Amino acid sequence: MPIAVKLDDLLHDRRMTLTELADRVGMTLANLSILKTGKARAIRFSTLAALCRELDCQPADLLAFEKES
C-alpha cells in the first residue's frame, strides 16, 4: 500500500510505548498494532485526531505517501 504509517518513529521519539498510547487514545492494543504495522485499510478521522493529540503531532507526521515501484 502506498501509505506508510510512521507510528514507530513517533513513539520512539516521545519515549512512549504502544500500550501507553493505546490507553491514552482509548484503542485496543491489537487495533493500534494493526495500524502500526501498516496492515490497516482505513483510519477514522477521530482516531487520527486522538493520535495527533497524544503524540503532539500533525497527520503528516504519522502518514506518508510512498510511490509504488
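This write-up is about the structure you can find in this document. Please read these numbers as outputs of a predicted model, since none were measured by experiment.

**What about the overall build of the protein?**
A tally of regular secondary structure across the protein gives five helices and two strands. Along the chain direction, N to C, the helices and strands of the protein fall in the order β-α-α-α-α-α-β. Taking 2.2 N^0.38 as the reference for a compact globule, 69 residues should give roughly 11 Å; the C-alpha atoms of the protein span a radius of gyration of 11 Å, in line with that estimate. In terms of its C-alpha atoms, the protein occupies a principal-axis envelope of roughly 35 × 20 × 20 Å. For the protein, the residues scored as buried account for 29% of the 69 residues in total. Split by element, the accessible area of the protein, about 4,900 Å² in all, is 51% carbon and sulfur. Averaging the coordinates of the 10 positive side-chain charges in the protein and doing the same for the 10 negative ones gives two points 4 Å apart.

The rules we used
Residues numbered from 1 in each chain as written. Predicted model: local features only at pLDDT ≥ 70, side-chain atom pairs only at ≥ 80, totals over all residues. Heavy atoms only, no water. Helix = DSSP H or I, 4+ residues; strand = E, 2+ residues; numbered from the N terminus. Rg over C-alpha atoms; globule rule 2.2 N^0.38 Å. Buried < 20%, exposed > 50% of the residue type's maximum accessible area, 1.4 Å probe, protein only. Areas by Shrake-Rupley, 256 points an atom, 1.4 Å probe, with all protein chains shown as cover. Lys, Arg positive; Asp, Glu negative; His and termini not counted. Charge placed at Lys NZ, Arg CZ, Asp CG, Glu CD.

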